[in-house]
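Structure assessment
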Amino acid sequence: RNAVAARAVTARSPIAGSPVVGGAIRSDIRGPRDGREMDLDFGAPLWLPGQRGALMGTVETGVAEVDRRSDLRRLEVAGALRSAWWEARDAQRIAQLARERVQTAQGISRDVARRANLGDIPPTEALLARNETLAAELALAQAEALAAATVATYRTITGGLSPDTLSPEAVRAGEAHPALLAARASLERAQAQARLVAATPRDNPELGVFARREVDQLAGDSTSLGLRFRVPLATEARNAPRRAEAEAEITRTTAELAQAERLVNADIARAEAALRVAEANARLARQRLDVAREQEGIALAAFRNGETGTFDLFRVRQLRLEAAAEEGRAAVEALRARSRVNQARGVVP
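Residues numbered from 1 in each chain as written. Predicted model: local features only at pLDDT ≥ 70, side-chain atom pairs only at ≥ 80, totals over all residues. Heavy atoms only, no water.

1. What to know about the pattern of salt bridges
Under the counting rule described, the total for this entry stands at 26 salt bridges. A salt bridge links D39 to R212; the shortest N-O distance between them is 2.8 Å. A residue pair is termed long-range when its members are at least 10 positions apart, and D39 in strand β2 (residues 35–45) and R212 in strand β3 (residues 206–216) qualify at 173 residues. On the basis of relative accessible area, D39 is assigned to the buried category, the value being 16%. A relative accessible area of 27% places R212 in the partly exposed class. E326 is paired through a salt bridge with R329; the nearest N and O atoms lie 2.6 Å apart. Of the two residues, E326 and R329 are both situated in helix α7 (residues 310–344); the distance of three residues between them amounts to about one turn of the helix. The network of salt bridges with common partners includes E65, R69, R189, E249, R252 and E256. (Salt bridge = Lys/Arg side-chain N within 4 Å of Asp/Glu carboxyl O. Helix = DSSP H or I, 4+ residues; strand = E, 2+ residues; numbered from the N terminus. Buried < 20%, exposed > 50% of the residue type's maximum accessible area, 1.4 Å probe, protein only.)

Structure below.
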């Protein structure tokens, strides 16, 4: 950005480039004491009509393009942040479900052990409950390790923040998608460059002031002042390639803007469709979990009353755990889909 903005110094200058100082000394062949001539020149390039404003236009549009591309880069970073955040939240959800599984397994194991000691059920069922408890504890250890790894990744991206501290969906509304703004800024910069080419059909003319001092033993000494100018001529050999390059850049940036508009609209449509499906799945998963919880409650009461066996209880409990896992996954996926809609719309946290 600083490199582009530095060209404004040239546009603000009263001359179109660097001034030039030059001079010459001549002596005739009769000898250095008979005739000498010394010239001293000072010259500077001049602005062509409209060239200075056109150059400032390229600076302003160039700075705007860099700013818009910075906004686009910010959106890309936001996408990485959102992805890491939801991975951490999903891993934390799995760990929470694993803790719940351990708690319920330990509760059932105590009930089974009590009934086994009383002789109500065979000892093999107590071993089944113990085995389930150990399996649940192993799954919990693995889930907590995965959650710790994803949280560490999120902390690395955010510089130490926890996923519980900030949510990437605390968003601020944007005026337009950064990809579209960046593409438009590129087109405006190309158009400004074309205006500069049109305003510079020739190299800059030069205007100079010179002083001349002549020393001549025969004719006498003399001093004179004068103006010197140099005006390059416009030729197609110079201008045609410049015009063609400027037109090609406008064509390219126009096509990129049209492509960006199509891609952004397509991404938004896909994200919104995925959000509708994810929200519908989440509703169904919640309904299934409610039914599974009711089944588990009935089965647990029947087990404590001696009306059903341990195998049947664990089968119903497994159905509830599967329903809980699916409900949690669907809920996270619905929220993740909302995050993807925000990303597709170019909304930056």
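2. Description of the environment of A105
Relative to the elements of secondary structure, A105 occurs in helix α3 (residues 51–118). Sequence separation between A105 and T133 is 28 residues; the distance between their C-alpha atoms is 5.1 Å. If near-sequence neighbours (up to four positions away) are discounted, A105 is found in contact with E132, T133, A136 and R317. (Contact = heavy atoms within 4.5 Å.)

3. Some remarks on the side chain of T150
As for its position among the elements, T150 is in helix α4 (residues 123–158). Filtering out sequence-adjacent residues up to four positions away, T150 remains in contact with E87, A88 and A91.

4. Overview of the confidence of the model for the protein chain
When pLDDT is averaged along the protein chain, the result is 87, and 93% of the positions lie at 70 or above. Element-level pLDDT for the protein chain is lowest in β3, with a mean of 82, against a maximum mean of 94 in helix α5 (residues 178–199). (pLDDT = per-residue confidence, 0-100.)

5. Things to note about the packing of aromatic side chains
What the rule picks out here adds up to one aromatic pair. Judged by centre distance (4.6 Å) and plane angle (90°), the rings of W85 and W86 are edge-to-face. W85 gets classed as buried once you look at its relative accessible area, which sits at 8%. One cation-aromatic arrangement involves R115 over F303; the distance from NZ or CZ to the ring centre is 4.7 Å. (Phe/Tyr/Trp six-rings, centres within 6.5 Å; stacked < 30°, edge-to-face > 60°. Lys NZ or Arg CZ within 6 Å of the ring centre and 35° of its normal.)

6. Points about the packing of α3 against α5
One can describe the packing of α3 onto α5 by two numbers: an axis separation of 8 Å at closest approach and a directional angle of 165°. Relative to α5, the element α3 is oriented roughly antiparallel. Read as a crossing pair, α3 and α5 show a hand that is left-handed. Split by residue class, the contact of α3 with α5 holds 13 nonpolar, seven polar and seven charged. (Axes fitted to C-alpha atoms, helices over the stretch in contact; angles between N-to-C directions. Parallel < 35°, antiparallel > 145°, perpendicular 65-115°, else oblique. Left-handed = near helix turned anticlockwise from the far one by under 90°. Nonpolar A, V, L, I, M, F, W, Y, C, P; charged D, E, K, R; others polar.)

7. Focus on a nonpolar patch on the surface
Taken together, the side chains of L46, L207, V209, L227, F229 and V231 make up a nonpolar region of the molecular surface, amounting to roughly 590 Å² of accessible area. When contributions to the nonpolar patch are tallied by element, the ones reaching two or more residues are β3 and β4 (222–230). Residue classification places V231 among the partly exposed residues on the basis of a relative accessible area of 49%. (Patch = residues over 30% accessible without salt bridge, like charges linked within 9 Å, V, L, I, M, F, W, Y side chains within 5 Å. Areas by Shrake-Rupley, 256 points an atom, 1.4 Å probe, with all protein chains shown as cover.)

8. Here we look at the packing of α5 against helix α6 (residues 236–304)
Orientation of α5 relative to α6, taken along the N-to-C sense of each, is 165°, at an axis distance of 9 Å. The angle between the axes of α5 and α6 places the two elements in the roughly antiparallel class. In terms of crossing hand, the pair formed by α5 and α6 is left-handed. Its residues assigned to classes, the contact of α5 with α6 shows 12 nonpolar, four polar and eight charged.

9. Notes on the layout of surface pockets
Its volume calculated, the largest pocket comes out at about 240 Å³. Forming the walls of the largest pocket are 13 residues, and the residues nearest its centre are I94, L97, A98, R101 and A325. Sorting the residues of the lining of the largest pocket by element identifies α3, α4 and α7 as the ones contributing at least two each. Of the residues assigned to the lining of the largest pocket, the class counts are seven nonpolar, one polar and five charged. Around the second largest pocket, the lining residues are R189, A190, Q193, A194, V197, R242, E245, A246 and E249. (1 Å grid on protein atoms, 1.4 Å probe; cavity = no way out; pocket = protein on both sides within 12 Å on 5 of 7 lines; lining within 4 Å. Points joined across faces, edges and corners; volume = space filled by probe spheres on them.)

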